[in-house]
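# Report on the structure
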Amino acid sequence: MKLNTIVVLGGGPGGLYAARLLKLSHPDADVTVYEQGVPDKTFGFGVGLASRTQRNLRLADEDSLNAIVAASHPHEMSMRVGDAEVRLAHGELLAIGRATLLAVLQNYAHAAGVNLRFGERRTVADLDADLIVAADGISSATRTELAEAFGPEIIEGEGLYLWCGTEFALPSAIFTPVTTEHGTFVAHAYPYASDRSTFLIETDEQTWQRAGFDISTRETPTGETDQVSLDYLQKAFAQTLQGHRLIGNRTKWLRFRTVRCRSWHTRNVVLLGDAAHTAHYSIGSGTKLAMEDAIALDRALLEADDVDEALAAYEAERRPSVDHLQAIAERSMAWWDSFPDRMTMPVEQLMIAYMTRAGKVSVERFAESAPQVANPGLAAFAAVDVVDVPPPAKLTEWILDQALTAGEQRFVNRIAPEALRTAVGTVQIDISVRPWSNAATKLIVDLPPAATYWLTGPDHREAILDRLDIAERIRRETGAVLVVDLPAEFRADAAGAIASDRVDLVAFTS
Ligand SMILES: Cc1cc2nc3c(=O)[nH]c(=O)nc-3n(C[C@H](O)[C@H](O)[C@H](O)COP(=O)(O)OP(=O)(O)OC[C@H]3O[C@@H](n4cnc5c(N)ncnc54)[C@H](O)[C@@H]3O)c2cc1C
């Protein structure tokens, strides 16, 4: 297909990368990026790039990936609760300053022959081109202007987060909660340069209000940093900060917005990156999704006969992976929103709960990659010596085989006896609500008292993960024994949930 003019709205990672790939594939086309900001030479915080992303970027454009990797900072992961800390070997985890990533992508777009126009805000109505790529970010004006065609849905998370940084490199990425007189704050922090780390700090609404941050947020003028919050958090995270300051960059408390759209294209306009979809930062995937969109768009335009066909093919290709990651991100966001409830768990077991939180990683896979963390966690769960934890391939059955004593009730293993379903004191509930919805909260508040709650519902995996998540909420709030029905093919999910104290027992329905 011959394209003469391509305009990209937005010079974020998605827009710049798309512009470079499109110019390389259509060397005769005039490719222009309009970016409302000016090239950011100032301090910016880092984003993480997982190893799978690096593979995809390497296949699409090895040169720019090499430059990105050269400017990145490798790190490991750890979790610290109180004085207990566990480290996790996690190959090829990289982080890069956002400003650095943009500078690399600007250079490579320029080198390919892309026309970069900074300080120029445009709307679709201003533009005339064969193809318009709207990579204008989470607050995309294109998405709003053409809302009828794109059908956007935007959901705000419950918790609040603040994105800031510090001027030293942490020895590894760290997740660490701190409880003050007002409540719990959790930091996700990681180094992204030899003298820089990102600090993402989150909390719940009540803690935020008790600390007076509703007021400081209101009183911080647009475009400035909420210094009151930074000063407070600097004291709270003094141990992790090792005497360093927290630094803001237009830093304010925000609620994460998850964006979904019914369609990503209309006529010759296509949404890309955050403009089309967002995924909670705790799975570190927004930049990756935007850059992988660019790869798919470039390929679709090379293979199709016309723009319509290409944009439809791009969306068809990307939707399944984006939907999948958004589902994982939603569970991850809810897990972090409810993090303080789990702080009494031994830190190694908490790490198992963290790794299996979104249904992406099984206990077996975690134990294969990090036995030094998984095995003590499993030993804590089963109250055995660490040497008695079996090898990864046997873990699922071993977990299901653990006895349980809950008050007066004793179970020889984690498979619920069928007689319990109709026993006095058991309440069966058919679950048809999302685990963190208001409807779920109402369901929990209205529960009749019981010694055991037995949760039933559809047999597909998302419904099962939902039941396991809601089981955890009910378990923590009532102290009752929780049983979840699920098909035997999902026994690995069952084992992960049991070892993470999300559920006590399971019943296999097939
Ligand atoms: C707290 C936090 C932490 C994150 N951490 C990670 C992480 O660790 N790893 C990761 O992969 N992702 C992370 N992300 C997500 C990541 O920042 C975004 O997903 C990514 O930047 C999306 O890229 P984009 O190109 O789609 O949009 P953006 O990066 O938002 O770029 C859009 C650009 O468009 C410009 N623009 C907007 N409108 C116009 C217009 N009308 N005319 C001209 N220019 C316009 C804007 O100025 C902006 O530069 C995080 C996000 C948050 C909020």
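Residues numbered from 1 in each chain as written. Predicted model: local features only at pLDDT ≥ 70, side-chain atom pairs only at ≥ 80, totals over all residues. Heavy atoms only, no water.

## Some points on the site of the ligand
In the neighbourhood of the ligand, 32 residues make up the surrounding shell, with Glu35, Gly48, Arg122, Asp274 and Thr287 lying closest. Measuring from an oxygen atom of the ligand, one finds a backbone N or O atom of Pro13 at 3.4 Å. Residue Thr287 places a main-chain N or O atom 2.8 Å away from an oxygen atom belonging to the ligand. In isolation the ligand offers 1,000 Å² of accessible surface; the protein chains occlude 89% of this area. When contributions to the shell around the ligand are tallied by element, the ones reaching two or more residues are helix H1 (13-25), strand E2 (30-35), strand E3 (46-49), strand E11 (160-166) and helix H11 (286-303). Broken down by element, the shell around the ligand gets its largest block of residues, four residues, from H11. Of the residues contributing to the shell around the ligand, the split by class is eleven nonpolar, 13 polar and eight charged. When residues of the shell around the ligand are assigned to domains, at least three fall in each of domain 1 (5-156 + 256-334) and domain 2 (160-247). (Near = heavy atom within 4 Å. Polar contact = N/O pair within 3.5 Å; in protein donor to acceptor, adjacent residues only side chain to side chain. Areas by Shrake-Rupley, 256 points an atom, 1.4 Å probe, with all protein chains shown as cover. Helix = DSSP H or I, 4+ residues; strand = E, 2+ residues; numbered from the N terminus. Nonpolar A, V, L, I, M, F, W, Y, C, P; charged D, E, K, R; others polar. Domains from an automatic or database assignment.)

## What to know about a positive patch on the surface
On the surface, Arg52, Arg55, Lys360 and Arg365 cluster together into a patch of positive charge. As for its placement among the helices and strands, Arg365 is situated in helix H14 (residues 363-369). (Patch = residues over 30% accessible without salt bridge, like charges linked within 9 Å, V, L, I, M, F, W, Y side chains within 5 Å. Salt bridge = Lys/Arg side-chain N within 4 Å of Asp/Glu carboxyl O. Lys, Arg positive; Asp, Glu negative; His and termini not counted. Charge placed at Lys NZ, Arg CZ, Asp CG, Glu CD.)

## Looking at the UniProt feature "domain: FAD-binding" (unreviewed entry) in the chain
UniProt records the feature "domain: FAD-binding" (unreviewed entry) at residues 114-324, using the numbering of this structure. For residues 114-324, helix accounts for 34% and strand for 28%, while the C-alpha atoms at its two ends are 33 Å apart. (UniProt positions renumbered as here; feature names shortened; annotations may be inferred.)

## Notes on the pattern of salt bridges
Two side chains bearing opposite charge may form a pair once their charged atoms approach each other closely. Per the stated rule, a full pass over the model turns up 24 salt bridges. Across the salt bridge formed by Arg421 and Glu418, the nearest N and O atoms sit 2.6 Å from each other. Note that Arg434 and Asp466 form a salt bridge whose closest N and O atoms lie 2.8 Å from each other. Of this pair, Arg434 sits in the loop between strand E21 (426-430) and helix H17 (438-445) while Asp466 sits in helix H18 (residues 461-478), and the two are 32 residues apart along the sequence. With a relative accessible area of 9%, Asp466 lands in the buried category. (Buried < 20%, exposed > 50% of the residue type's maximum accessible area, 1.4 Å probe, protein only.)

## Comments concerning the pairing of strand E13 (residues 183-193)
Most of E13 sits out of view: ten of its eleven residues are buried. Here strand E12 (residues 173-180) pairs with E13 via seven bridges, running antiparallel. Its bridge partner lying in E13, Thr180 is registered against Gly183. Hairpin connection of E12 to E13: two residues between the antiparallel strands. Counting the residues in the hairpin turn of E13 and strand E14 (residues 196-203) gives two residues. (Pairing = 2+ DSSP bridges.)

## A closer look at the sheet that holds E3
The strands that make up a sheet are held in pairs by hydrogen bonds between backbone atoms, and each pair lies either parallel or antiparallel. Taken in spatial order, the three strands of this open sheet run E3-E7-E4, and their pairing is antiparallel. Since the sheet does not close on itself, it has two edges, and those belong to E3 and strand E4 (73-74), each with one partner. Two elements, E4 and strand E7 (residues 94-97), share two bridges in a ladder whose sense is antiparallel. From the neighbouring strand, Pro74 faces E7, where its bridge partner is Leu94. Lying on the sheet, helix H4 (residues 98-112) is in contact with E3 and E7; it crosses E7 at an angle near 80°. (Contact = heavy atoms within 4.5 Å. Axes fitted to C-alpha atoms, helices over the stretch in contact; angles between N-to-C directions.)

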